[in-house]
Amino acid sequence: MAEDLKKGDKVKWKSHGGEAHGTVEKKQTSPTKIKSHKVAASPDNPQFIVKTAEGKKAAHKPEALTKE
């Protein structure tokens, strides 16, 4: 299950440009922002901060990520 992801895990997800790949940076359990995008994470609704090879960061719900 994707909720078992940890820092350093390689993951993929569906993106508007096809499929994206990255590395888990951390499990986010409190609200935060990535650039101007609000990430509504909480202990009951965690999200994972991922970083692409190009250095871009994004937040995704566990069910959106697949471990590679």
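Before reading on, note that the structure itself is shown above.
Residues numbered from 1 in each chain as written. Predicted model: local features only at pLDDT ≥ 70, side-chain atom pairs only at ≥ 80, totals over all residues. Heavy atoms only, no water.

S.K.: Teacher, can you tell me more about the pairing of strand 1 (residues 10-15) here?
M.R.: The sheet contact formed by strand 1 and strand 2 (residues 18-28) spans 6 bridges and is antiparallel. Within strand 2, the residue paired with lysine 14 across the bridge is glutamate 19. In this structure, the hairpin formed by strand 1 and strand 2 is closed by a connection of 2 residues. In this sheet, strand 7 (residues 66-67) lies alongside strand 1 in antiparallel orientation, the contact comprising 2 bridges. (Pairing = 2+ DSSP bridges. Helix = DSSP H or I, 4+ residues; strand = E, 2+ residues; numbered from the N terminus.)

S.K.: Would you mind going over the side chain of glutamine 47 with me for this structure?
M.R.: Of note, glutamine 47 is situated in strand 5 (residues 47-52). Ignoring any residue separated from it by four or fewer positions in sequence, one finds glutamine 47 in contact with Lys26, Lys27, Gln28, Val39, Ala40, Ala41, Ala59, His60 and Lys61. (Contact = heavy atoms within 4.5 Å.)

S.K.: I'm lost on the pattern of salt bridges in this one. Help?
M.R.: One side chain can pair with another of opposite charge once the charged atoms of both are near each other. Counted by the stated rule, this structure contains 3 salt bridges. Between aspartate 9 and lysine 67 there is a salt bridge, with its nearest N and O atoms 3.7 Å apart. Separated by 58 residues along the polypeptide, aspartate 9 in the segment before strand 1 and lysine 67 in strand 7 bring together distant segments of the chain. With a shortest N-O distance of 3.1 Å, lysine 57 and glutamate 25 are connected by a salt bridge. Placement of the pair is lysine 57 in strand 6 (residues 57-60) and glutamate 25 in strand 2, with a sequence separation of 32 residues. By relative accessible area, which is 45% here, lysine 57 ends up partly exposed. Residue classification places glutamate 25 among the partly exposed positions, given a relative accessible area of 27%. Each of Lys6, Asp9 and Lys67 takes part in one network of salt bridges that share partners. (Salt bridge = Lys/Arg side-chain N within 4 Å of Asp/Glu carboxyl O. Buried < 20%, exposed > 50% of the residue type's maximum accessible area, 1.4 Å probe, protein only.)

S.K.: Got a minute to help me understand the sheet that holds strand 7 in this structure?
M.R.: Strands pair in a sheet through their backbones, by hydrogen bonds, and they do so in one of two ways: parallel or antiparallel. Strand order in the open sheet formed by 5 strands is 6-5-2-1-7, and the pairing between neighbours is antiparallel. Unpaired on one side and paired on the other, strand 6 and strand 7 mark the two borders of the sheet. Pairing of strand 5 with strand 6, which is carried by 4 bridges, proceeds in the antiparallel orientation. Note on strand 6: the bridge partner recorded for valine 50 is alanine 58.

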